[in-house]
Amino acid sequence: QMQLVESGGGLVQAGGSLRLSCTASVRSVSGHTMAWFRQAPGKEREFVARITSSGGSTVYSDSVKGRFTISRDNAKNTVYLQMNSLEPEDTAVYYCAATSLLGGDYRYWGPGTQVTVSS
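Criteria and cut-off values
Residues numbered from 1 in each chain as written. Predicted model: local features only at pLDDT ≥ 70, side-chain atom pairs only at ≥ 80, totals over all residues. Heavy atoms only, no water. Buried < 20%, exposed > 50% of the residue type's maximum accessible area, 1.4 Å probe, protein only. Helix = DSSP H or I, 4+ residues; strand = E, 2+ residues; numbered from the N terminus. Pairing = 2+ DSSP bridges. Salt bridge = Lys/Arg side-chain N within 4 Å of Asp/Glu carboxyl O. Axes fitted to C-alpha atoms, helices over the stretch in contact; angles between N-to-C directions.

On to the pairing of strand β9 (residues 92–100), then. Along any regular strand the residues' side chains alternate between the sheet's two faces. The buried fraction of β9 is high, at seven of nine residues. Across six bridges, the pairing between strand β4 (residues 34–39) and β9 is antiparallel. Each residue of the ladder has a partner; that of Gln 39, found in β9, is Val 93. Relative to strand β10 (residues 103–109), β9 is paired through four bridges, and the arrangement is antiparallel. Pairing of Ala 97 across the sheet is with Trp 109, part of β10. The antiparallel hairpin formed by β9 and β10 contains two residues in its connecting segment.

Here it is as structure tokens:
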């Protein structure tokens, strides 16, 4: 079964930047749509960004549009989330997710990485 592991989370001041990475323990992630979700304290999990298997199309939530960038390097089996102009409201556990090769719902999830933005 496909496994995902996030890294790159940590503490950062408001206005700062972080880059999250998600590495898949599979031969190739090239056939999977990949995405980032997050869950803030006391709130429901929310969608952050999505990228198609080829990397040619991306979608962002309104709350991060213009500040975050999702990208992927299929040769490294890795997807990234570059987060700039971070705000305290971005504080959350960030999760990497992937669809099956058939698409549809996100079937595979990483354990998450904590991002904390101080004011």
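Scanning all chains against the criterion turns up four salt bridges. Glu 46 is the partner of Arg 38 in a salt bridge, and the nearest nitrogen-oxygen pair spans 2.6 Å. Across the salt bridge formed by Asp 62 and Lys 65, the nearest N and O atoms sit 3.2 Å from each other. Residue Asp 62 is classed as exposed on the basis of its relative accessible area, which comes to 66%. Taken together, the shared-partner salt bridges in this structure form one network comprising Arg 38, Glu 46, Arg 67 and Asp 90.

Let us look at the sheet that holds strand β1 (residues 4–7). Read across the open sheet, the four strands follow the order β1-β3-β8-β7; overall the sheet is antiparallel. Of all strands in the sheet, those bounded by a partner on one side alone are β1 and β7 (68–73). Adjacent strand axes in the sheet meet at a mean angle of 15°, parallel and antiparallel pairs treated alike.

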